[in-house]
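Fold and contact review
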Amino acid sequence: MRIAGKVALITGAGSGQGAAAAELFAAEGASVVVFDRDEAGAASVVDTINEKGGRALGVVGDAANAADVERAVSQCSETFGALHVLYNNAAVWSAGKIDNIVTELDEEGWDHVISINLKGVFLFSKYGIPEIIASGGGSVINIASVAGLIGSRNPSHAYSASKGGVISLTRAMAITYAREQVRVNVICPGGVETPMLQPMLTTPERKSRVAKSHPLGRLGTPMDIAQCALFLASDEASWITGATIPVDGGVSAA
């Protein structure tokens, strides 16, 4: 098992990429805290892990709420006695619409996306990194997006800004906490077939067009991202920090 004995806290783990990572990490020997604002989704993932003989704890909360974040980290330490892997996955695409360009997006919508996608990473890092240091070091894995690396014609501008911020924050934290043996890396997915992407895949034609925009010719799966995260969580990546890793079917290379 590649991460046996480690404790991982995964945000947005009630569905999609986060759920895939939670189940994979547990199968590879980690105790997992499943954090999500969706109580039913978190409970379902926890039940799946426990039924397969793993160890999991569900915590319900908002990644942009400091009290919820602090409570989640405390429950992790109280239940499992440590924190080795913090996986900041929770995110939203927009404030209710597929496309939110700056001339059409209101301030409330901007704040909503930034608060979850960027502030959430800040808050979990603020409370989680001291626990990782106290546990002897470990890995912080942030999820950004190819939208944080390259521009596109009709993106959610708030989403792109938030993910660019996550990439920059990752690099800064990697340098700051390296001496404490905390590795910080960021994964930049392309189009992954998750509930968040469904508004862009409403017809077979649209789904085919999005898939073909990736040089490898298909959409990503949650497990594509989870496998990269597992590597970064493991000791196999012990000399990797500050890295920005596109897992995007070749989009950012085109």
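Residues numbered from 1 in each chain as written. Predicted model: local features only at pLDDT ≥ 70, side-chain atom pairs only at ≥ 80, totals over all residues. Heavy atoms only, no water.

Our next topic: the pattern of salt bridges. Throughout the structure, instances matching the rule amount to four salt bridges. When the shortest N-O distance is used, the salt bridge between Lys-6 and Asp-235 registers 3.4 Å. On the criterion of sequence distance, the pair formed by Lys-6 in the segment before strand E1 (7-11) and Asp-235 in the loop between helix H7 (222-233) and strand E7 (244-247) is long-range, its members being 229 residues apart. Linking Asp-68 and Arg-71 is a salt bridge whose minimum nitrogen-to-oxygen distance equals 3.2 Å. Within this pair, Asp-68 and its partner Arg-71 are both found in helix H3 (residues 66-80), separated by three residues, close to a single helical turn. We classify Arg-71 as partly exposed; its relative accessible area is 33%. (Salt bridge = Lys/Arg side-chain N within 4 Å of Asp/Glu carboxyl O. Helix = DSSP H or I, 4+ residues; strand = E, 2+ residues; numbered from the N terminus. Buried < 20%, exposed > 50% of the residue type's maximum accessible area, 1.4 Å probe, protein only.)

On to the packing of aromatic side chains, then. Taken as a whole and judged by the stated rule, the model has three aromatic pairs. Here the aromatic rings of Trp-93 and Tyr-159 are separated by 4.6 Å at their centres, their planes lie at 45°, and the arrangement is tilted. Separated by 66 residues along the polypeptide, Trp-93 in the loop between strand E4 (85-88) and helix H4 (107-134) and Tyr-159 in helix H5 (residues 157-177) bring together distant segments of the chain. With respect to class, Trp-93 is no different from Tyr-159; both count as buried. For Lys-126, the ring lying beneath its charged end belongs to Tyr-127, and the centroid distance is 5.7 Å. (Phe/Tyr/Trp six-rings, centres within 6.5 Å; stacked < 30°, edge-to-face > 60°. Lys NZ or Arg CZ within 6 Å of the ring centre and 35° of its normal.)

Let us now look at the environment of Phe-124. Residue position: Phe-124 is located in helix H4. For Phe-124, a relative accessible area of 0% puts it in the buried group. Distance from Phe-124 to Gly-191, taken between C-alpha atoms, is 25 Å for residues 67 residues apart in sequence. Apart from the residues lying within four places of it in its own chain, the contact partners of Phe-124 are Leu-9, Thr-11, Phe-35, Ala-63, Val-69, Ala-72, Val-73, Leu-86, Asn-88 and Ile-129. (Contact = heavy atoms within 4.5 Å.)

On to the packing of helix H1 (residues 16-27) against H7, then. Between H1 and H7, whose axes approach to 8 Å, the crossing angle comes to 50°. Put simply, H1 runs oblique to H7. Helix-helix and strand crossings are classified by hand; for H1 and H7 the assignment is right-handed. Along its contact with H1, which presents Gly-16, Gln-17, Ala-20, Ala-21, Leu-24 and Phe-25, the element H7 presents Pro-222, Met-223, Ile-225, Ala-226, Gln-227, Ala-229, Leu-230 and Ala-233. Split into classes, the residues belonging to the contact of H1 with H7 amount to 11 nonpolar, three polar and no charged. (Axes fitted to C-alpha atoms, helices over the stretch in contact; angles between N-to-C directions. Parallel < 35°, antiparallel > 145°, perpendicular 65-115°, else oblique. Left-handed = near helix turned anticlockwise from the far one by under 90°. Nonpolar A, V, L, I, M, F, W, Y, C, P; charged D, E, K, R; others polar.)

Orientation of H4 relative to H5, taken along the N-to-C sense of each, is 20°, at an axis distance of 8 Å. Looking at the two axes, H4 sits roughly parallel to H5. In the crossing of H4 with H5, the sense of the turn from one axis to the other is right-handed. In this structure, H4 uses Trp-110, Val-113, Ile-114, Asn-117, Leu-118, Val-121, Phe-122, Ser-125, Ile-129 and Ile-133 to contact H5, whose residues at the interface are His-157, Ala-158, Tyr-159, Ala-161, Ser-162, Lys-163, Gly-165, Val-166, Leu-169, Met-173 and Tyr-177. Split into classes, the residues belonging to the contact of H4 with H5 amount to 15 nonpolar, five polar and one charged.

Applying the stated criterion across every chain yields a total of zero disulfides. We note that Cys-228 lacks a disulfide partner, and the nearest cysteine sulfur, in Cys-188, lies 9.8 Å from it. Relative accessible area serves as the criterion here: at 15%, Cys-228 is assigned to the buried category. (Disulfide = S-S within 2.5 Å.)

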